[in-house]
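Single-letter residue listing:
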Amino acid sequence: MSEECLRLDRVAIGELAEASLDVEPGEIVCLSGASGSGKSRLLRAVADLEPHEGEVRLGEQAQAQTPGHTWRRQVMLVPAESHWWAETVVEHFFHEPEAAELEALGLAPDALAWQVGRLSTGEKQRLGLLRAVSREPGALLLDEPTANLDDATSKRVEAWLKARIHERGWPTLWVAHDRGQIARVADRHWRIANGRLEEVDAAWT
Ligand SMILES: Nc1ncnc2c1ncn2[C@@H]1O[C@H](COP(=O)(O)OP(=O)(O)OP(=O)(O)O)[C@@H](O)[C@H]1O
């Protein structure tokens, strides 16, 4: 169970100016904004994948004082398109997930034994989420985690993610476009508009 807060202090990258935001343990903060407004870049900055101004902390740990690979092991980015390097799915897992987890995500019970080459885009996305979660990070950065999924599967994945995040206490930044999804999963909602990060009133959703 994580008890650490993810803090962004005046993070600036590209057109986005001084974004400050605290995400509490187990809290889901949805990030929205027009295409090209800088949502993915902000997540990449928080994951220390792009140089930026300002500071990011996970609890007492400062991004600037932590080697990139150690930081990213803790502050886990799940991009919309996951990267696969070995031949079979199972080779990418540090801890093998239980069958119930595959079922909860609508995946076949033998999906771990599959060749990566046969995976559909939506299967890759769900297995990419499962892989990230099974590494027990300290915080999650989700970039449109249901972008490639049909409505019913999206709702399944949302429910699974929400339950894991609340249970494990991961502070989570979740990029989403869909109002319905934001209303279902977000504890708070922020958006990027005109190069600024601002909180959206709960009445918006
Ligand atoms: N490494 C980079 N250097 C310079 N500009 C970049 C870099 N990466 C992305 N950009 C630009 O920064 C802007 C924001 O990109 P970003 O991918 O963060 O958008 P987004 O809000 O996630 O959009 P979408 O909803 O379409 O995914 C875009 O105009 C993009 O072309």
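Residues numbered from 1 in each chain as written. Predicted model: local features only at pLDDT ≥ 70, side-chain atom pairs only at ≥ 80, totals over all residues.

An unreviewed UniProt entry lists the protein chain under the name ATP-binding cassette domain-containing protein, from Billgrantia bachuensis.

**Q** Explanation requested: the site of the ligand in the structure shown.
**A** Lining the immediate surroundings of the ligand are Gly-14, Gly-33, Ser-35, Gly-36, Ser-37, Gly-38, Lys-39, Ser-40 and Arg-41. Split by residue class, the shell around the ligand holds no nonpolar, seven polar and two charged. (Near = placed C-beta within 6 Å. Nonpolar A, V, L, I, M, F, W, Y, C, P; charged D, E, K, R; others polar.)

**Q** Where do I start with the sheet that holds strand E7 (residues 139-143) in this structure?
**A** One key point about sheets: their strands pair by backbone hydrogen bonds, in either a parallel or an antiparallel sense. With respect to topology, six strands assemble into an open sheet ordered E6-E7-E8-E3-E9-E10, the strand pairing being mixed. Every interior strand has two partners, whereas the edge strands, strand E6 (75-78) and strand E10 (196-200), have only one. For this sheet, the mean inter-axis angle between neighbouring strands, taken without regard to orientation, is 20°. Relative to E10, strand E9 (residues 188-193) runs antiparallel, the two being bridged by five bridges. (Pairing = 2+ DSSP bridges. Helix = DSSP H or I, 4+ residues; strand = E, 2+ residues; numbered from the N terminus. Axes fitted to C-alpha atoms, helices over the stretch in contact; angles between N-to-C directions.)

**Q** Sorry, what's going on with the packing of helix H4 (residues 121-133) against helix H5 (residues 151-168) here?
**A** For any two helices packed against each other, one specifies the crossing angle of their axes together with the interaxial distance. Contact pair H4 / H5: the axes reach a minimum separation of 12 Å and the direction vectors enclose 5°. With respect to each other, H4 and H5 are oriented roughly parallel. Here Gly-122, Arg-126, Leu-129 and Val-133 of H4 lie close against H5, whose contacting residues are Thr-153, Val-157, Leu-161 and Arg-164. A per-class count over the contact of H4 with H5 returns four nonpolar, two polar and two charged. (Parallel < 35°, antiparallel > 145°, perpendicular 65-115°, else oblique. Contact = placed C-beta atoms within 7 Å.)

**Q** Looking at this structure, how should I read the sheet that holds strand E2 (residues 16-23)?
**A** Pairing within the open sheet is antiparallel, and its four strands lie in the order E2-E1-E4-E5. Among the strands making up the open sheet, the edge pair consists of E2 and strand E5 (61-62). Across five bridges, strand E1 (residues 6-13) lies against E2 in antiparallel orientation. Across the sheet, residue Leu-8 finds its bridge partner in E2, namely Leu-21. In the packing of helix H1 (residues 39-46) onto the sheet, the strands contacted are E1, E2 and strand E4 (53-58), and the crossing angle to E1 comes to about 120°.

**Q** Teacher, can you tell me more about the confidence of the model for the protein chain here?
**A** Low-confidence regions, as indicated by low pLDDT, have predicted coordinates that should not be scrutinised in detail. With 98% of its residues at a pLDDT of at least 70, the protein chain reaches an overall mean of 94. The ipTM, which scores confidence in the relative placement of chains, is 0.94 for this predicted complex, and the corresponding pTM is 0.94. (pLDDT = per-residue confidence, 0-100.)

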